Amino acid sequence: MLNILICEDNKEDEAQLRRALGACSLLRDVDHRIESFSAPHQLLLNYDAQETDILFLDILMQDETGIDIARKVREHNADIPIVFVTSSPDYAVASYDVSATHYLMKPATPAAVDVALARCKRIISAERRAIEVISGRMTERVLVHDVIYAETFGHRTLLHLRNRTIETTTPLTKVDEAGGRSFLRCHRSFMVNMDHVSRVMGKGFLMDDGHEVPIRANGAAQVVAAYHDYLFEAVREL
C-alpha cells in the first residue's frame with residue numbers, strides 16, 4: 001500500500017492534483033490511498049511517519065507555507081519524499097533546504113505527476129538500498145541512508161550511523177563502492193554520505209550529527225567540487 005498525503009487549501013487545485021494522480025501510469029497497478037487536507041495543522045495531526053510514503057504540499061497557503069510544514073515533518077522523518085506544488089518557481093532553491101524530491105508547477109498534469117512519482121519511487125528505493133559488511137563473525141546489512149560517515153584505521157572500518165557505530169573488517173574502499181553516488185571519499189581515512197552533509201567548514205564537512213569530517217589537503221578543491229556537483233544535480237532534478 002502506497003500512502004499519499006496532500007495539503008492544498010485551494011479546492012480546484014486539490015481536485016486537479018487528485019485527477020492527475022488518478023491518471024498516473026505509475027499508480028495504475030499499485031495499491032494506494034490518497035488523503036487530502038486543506039490546512040497544515042490538519043495534515044500534521046494526521047501525519048504518521050511510519051505510515052506515510054509521499055507528501056504533496058502546496059507552498060503558498062494562508063496559515064503556513066509548504067516549506068514550514070516540511071521543516072516540521074523533517075524533525076521526525078528525514079527521508080520521506082516531499083513534492084512541492086506551486087504556481088511560482090521562486091521557492092525552488094528554498095525547497096532544497098528541506099530536501100524536497102520534486103517541484104511541481106500548477107496546474108498538475110498526469111505527465112508531470114508521473115515524473116514526480118518516479119523520483120519519489122527512486123527515493124523510496126534508495127532508502128531501502130543496503131550494503132553488507134562483516135562485523136565480528138556476522139554479516140550485517142546496513143541501510144545506505146543510515147550511514148552518516150565512515151572512517152578507517154589499520155584493518156578496521158567504523159561506520160557511523162544515526163544511532164550507533166559499527167566496527168567492520170570490510171575495507172573503506174569497498175564500503176564506498178557499494179554505497180553508490182551519495183558516498184564521497186573525502187580523505188584517505190574518511191568517507192562521507194553527502195546526503196548528511198550540513199555544510200563545508202574550512203578544511204572539513206560538518207555532518208548533520210554535529211561531527212566534522214576532514215577533507216584531504218591534497219585535492220581538497222576536487223572534493224569540494226564533487227560535493228557541489230552532487231548538490232547541483234539534486235537541485236536540477238527538482
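You'll find the structure just up there.
Remember, predicted model here, so these are calculated numbers, not experimental data. Every residue gets a number counted from 1 within its own chain, in the order that chain's sequence is written. Reporting in this predicted model follows two pLDDT cut-offs: at least 70 for local features of residues, and 80 or more for side-chain atom pairs to be given and counted; totals over whole chains, interfaces and linings ignore these cut-offs and use all residues. Computation of side-chain values: all heavy atoms of the structure, hydrogens and water removed.

Nonpolar cores were defined as sets of buried Ala, Val, Leu, Ile, Met, Phe, Trp, Tyr and Cys residues, with membership established by side-chain atoms within 4.5 Å. Residue exposure (1.4 Å probe, protein chains only): buried if accessible area is under 20% of the type maximum, exposed if over 50%, otherwise partly exposed. Counting 20 residues, the largest nonpolar core has Leu 17, Leu 21, Ile 54, Phe 56, Leu 104, Val 113 and Leu 117 as the members making the most contacts within it. If you list the elements that add at least two residues to this core, you get β1 (2-7), α1 (11-22), β3 (54-58), β4 (82-86) and α6 (110-127). Counting from the N terminus, the helices are the DSSP runs of H or I reaching at least four residues and the strands are the DSSP runs of E reaching at least two. Of all the elements, α6 adds the most residues to this core, at 5 residues. When residues no more than four places from it in sequence are discounted, the contact partners of Leu 21 are Ile 6, Leu 27, Ile 34, Phe 56, Val 113 and Leu 117. Contact between two residues is taken to exist if any of their heavy atoms lie within 4.5 Å; hydrogens are not considered.

Our next topic: the pattern of salt bridges. For salt bridges, the criterion is a side-chain nitrogen of Lys or Arg within 4 Å of an Asp or Glu carboxyl oxygen. Counted by the stated rule, this structure contains 10 salt bridges. Put simply, Glu 64 and Lys 72 hold a salt bridge, and the shortest N to O gap is 2.8 Å. Owing to a relative accessible area of 35%, Lys 72 belongs among the partly exposed residues under this scheme. Between Arg 164 and Glu 140 there is a salt bridge; the shortest N-O distance is 2.7 Å. Pair noted here: Arg 164 is in the loop between β9 (156-161) and β10 (165-168) and Glu 140 is in strand β7 (residues 138-143), with a separation of 24 residues, a long-range link. Residue classification places Arg 164 among the partly exposed positions, given a relative accessible area of 39%.

Tracing the chain through its elements places Asp 176 in helix α7 (residues 172-179). Lacking a salt bridge, the buried Asp 176 has Arg 185 as its closest oppositely charged neighbour, with an N-O distance of 4.9 Å. Sequence-distant contacts of Asp 176, defined by excluding residues within four places in its chain, comprise Phe 183, Leu 184, Arg 185 and Met 191. In this tally, Asp and Glu contribute negative charge and Lys and Arg positive charge; neither His nor the terminal groups of the chain are included.

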